[in-house]
Amino acid sequence: MLRKTLTAAATLATIAGFALPAMAQDYTIRAVANSNENDEDYDGLQVFKSYVESASNGAIGVEIYMGTQLCSNGAECLQGVADGSIDVYISTSGGAAGLFPYVQVLDLPYLMQDDRIAEKVLAGDFTRTMRAMALEDSGGMIRLMTIGNTGGWRNFANTKQRVQTPDDLKGMKIRTVVADLPQELVRALGAAPTPIPWPELFTSLQTGVVEGTKNGITDIMSMKFPEAGLQYVTLDGHAYMGALWWMSNDTFLALPEDMRRVVVDGFYQLQQATFASPKRKSIPAYQEFVEGGGDLYVPTPEEKQAFAEAAQPVYEWFTANVDGGQQIFDAMQSAVADATEELDAEHAADIQ
C-alpha cells in the first residue's frame with residue numbers, strides 16, 4: 001500500500017498553488033517475496049531499494065518483506081496487490097497462472113536457447129505485451145513491471161541414470177508442480193508426471209515415490225537432493241525460470257511522473273541483478289554437485305534438438321487450451337526470432 005504523507009506546510013503550499021519538491025519518504029512501497037534472503041529475489045529487491053531510494057532523493061522508501069509475513073502464496077499475494085495492501089510482489093509463472101494462465105508461456109520448453117536470448121526477449125516488447133494482457137484481465141489493477149530470473153534454467157535431474165535423449169526418460173516418475181503444462185511436457189517426453197509438494201520432494205526422491213525432477217542447480221543443491229539419491233543432471237535447459245514482478249497499478253499511477261520513471265528504472269536495475277545472480281550462484285553449486293560424485297551431462301546440439309522435437313505437442317496443447325495462449329505464444333516466438341537475428345548480427349560484428 002502506498003502511503004503519501006504531506007506535512008502541514010506542504011499541504012498549505014499545495015493549496016496555495018505552490019509546487020514543492022518531494023520530501024523524504026513521501027511515498028512507501030511495500031515489496032513482498034515468498035522466499036528467503038539467500039534467493040535471487042532478495043538480491044533483486046536490495047538493488048531495487050537502493051536505487052529507488054537514492055534516485056528519488058529519499059522521496060520513496062522501500063520496505064522489504066521476505067517470506068509469508070504479509071501473504072503466503074501467489075493467489076493471496078496478487079489479491080493483496082489488486083486491493084492495494086501490497087505494492088510489489090514477485091511470483092513464478094506457476095504462482096500467477098491462476099489469474100493469468102498465459103504467463104505459463106515462460107514454462108514452454110526449448111523456446112529460448114540461452115541467457116542472451118532470454119535476457120533480450122524479457123527486456124523488450126514481449127514483456128509489454130504480457131503487461132497489457134494482465135492489466136486488461138485484472139481490470140487495470142495489477143501491473144507487470146518486469147520479468148527477471150529466479151534460479152537459472154530448469155534441467156532434468158534424476159536418481160537412476162544419465163539422460164541423453166528423450167528415450168532415457170521413458171517410464172521415469174518425474175516430479176512436477178500441480179499444473180497442467182509441466183505435466184504435459186513430462187508426458188510428451190515419455191515419462192510419468194507425479195505432482196509432489198516442494199517440501200516433500202526430498203523424501204519422495206529418497207523413497208522412490210519419484211525418480212526425477214526438473215529444477216535449477218541452485219535449488220537442487222540448497223535442498224540437498226543429492227543426499228536423497230539425485231546424482232544425474234542433464235543440462236537441457238528446457239525452461240528459463242522467469243520471475244514476474246507485479247505492482248499495484250493504482251500505486252504506480254498515483255506517483256508523480258518523475259517518481260514513476262525512478263520506479264521503472266529501479267525495476268530495470270532489479271532485472272539486471274536477477275539475471276546475474278543465478279549465474280554467480282550456480283558456479284559453486286555445480287562444483288559441489290560434481291565433487292560429491294554427481295554426473296553432469298551437457299547434451300549435444302543434435303540431442304537437444306531431439307528433446308525439442310519430442311516436446312512439440314506441448315506447444316499445441318498450450319495454444320489450444322490456455323486462454324490467451326495463442327497471442328502470447330506468437331509474441332514469444334516473434335521476440336525470440338528478433339532477438340536471435342540481433343544477436344547473430346552482434347556475433348558477426350564481434351568475432352571479426
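These figures come from a predicted structure and were not determined experimentally.

Peer 1: I'm lost on the overall build of the protein in this one. Help?
Peer 2: When its secondary structure is counted, the protein shows 14 helices and nine strands. If you line up the protein on its principal axes, its C-alpha atoms span 75 × 45 × 45 Å. Expressed as a percentage of its 352 residues, the buried residues of the protein come to 50%. For the protein, the proportion of contacts with a sequence separation of at least 24, taken over those separated by at least 6, is 75%.

Peer 1: Mind showing me how you'd approach the nonpolar core here?
Peer 2: Here is a general trend for soluble globular proteins: nonpolar side chains tend to be buried in one another's company. Counting 62 residues, the largest nonpolar core has Val121, Phe126, Met130 and Trp246 as its most contacted members. Leaving out residues up to four positions away in the same chain, Trp246 has contacts with Leu78, Asp87, Val88, Tyr89, Ser91, Ala96, Phe100, Val103, Ala134, Ile142, Arg143 and Leu144. The next biggest cluster of nonpolar side chains, apart from the first, holds 25 residues, and it includes Val88, Met145, Val263 and Leu270.

Peer 1: In this structure, what is going on with the environment of Thr218? I would like to understand it.
Peer 2: Relative to the assigned elements, Thr218 resides in helix H9 (residues 217-222). Exposure remark for Thr218: the relative accessible area of 14% places this residue in the buried category. For Thr218 and Trp246, which are 28 residues apart along the polypeptide, the C-alpha to C-alpha distance reads 24 Å. Once residues lying within four places of it in the same chain are set aside, the contact partners of Thr218 are Glu40, Gly151, Lys281, Ser282 and Ala285.

Peer 1: Before we go on, may I ask you to explain helix H14 (residues 325-350) in this structure?
Peer 2: In an α-helix, one full turn covers 3.6 residues, which means residues spaced three or four apart are oriented alike. Along its 26 residues, H14 runs 37 Å from first to last C-alpha, staying within 8% of the 38 Å computed at 1.5 Å per residue. Among all positions of H14, only Gly325, Ile328, Phe329, Ala331, Met332, Ala335, Val336, Ala339 and Leu343 are buried. Those residues of H14 that are buried lie in contact with helix H5 (115-122), helix H6 (125-137) and helix H13 (312-321).

Peer 1: Just checking my understanding: could you explain the confidence of the model for the protein for this structure?
Peer 2: Detailed reading of the predicted coordinates is not advisable wherever pLDDT is low. In the predicted model, the protein carries a mean pLDDT of 92, and 93% of its residues have values of at least 70. With pLDDT under 50 throughout, residues 1-22 is counted as low confidence; its partners more than four residues away or in other chains account for 24 contacts.

Basis of the calculations
- By convention here, each chain's residues receive numbers from 1 onward along its written sequence.
- Owing to the predicted nature of the model, reporting of local features is limited to residues with pLDDT of at least 70; listing and counting of side-chain atom pairs is limited to 80 or more, with chain, interface and lining totals taken over all residues.
- Heavy atoms throughout the structure, all of them, feed into the side-chain values; hydrogens and water do not.
- A run of H or I in DSSP becomes a helix once it reaches four residues, and a run of E becomes a strand once it reaches two; helices and strands are each numbered from the N terminus.
- Between buried and exposed lies partly exposed: a residue is buried under 20% and exposed over 50% of the maximum accessible area for its type, with that area taken using a 1.4 Å probe on protein chains only.
- A contact between two residues is defined here by any heavy atoms of the two lying within 4.5 Å.
- Definition used in this section: a nonpolar core is a set of buried Ala, Val, Leu, Ile, Met, Phe, Trp, Tyr and Cys residues joined via side-chain atoms within 4.5 Å.
- In a helix, the anticipated span is given by 1.5 Å times the number of residues less one.
- Known as pLDDT, the predictor's per-residue confidence is scaled from 0 to 100.

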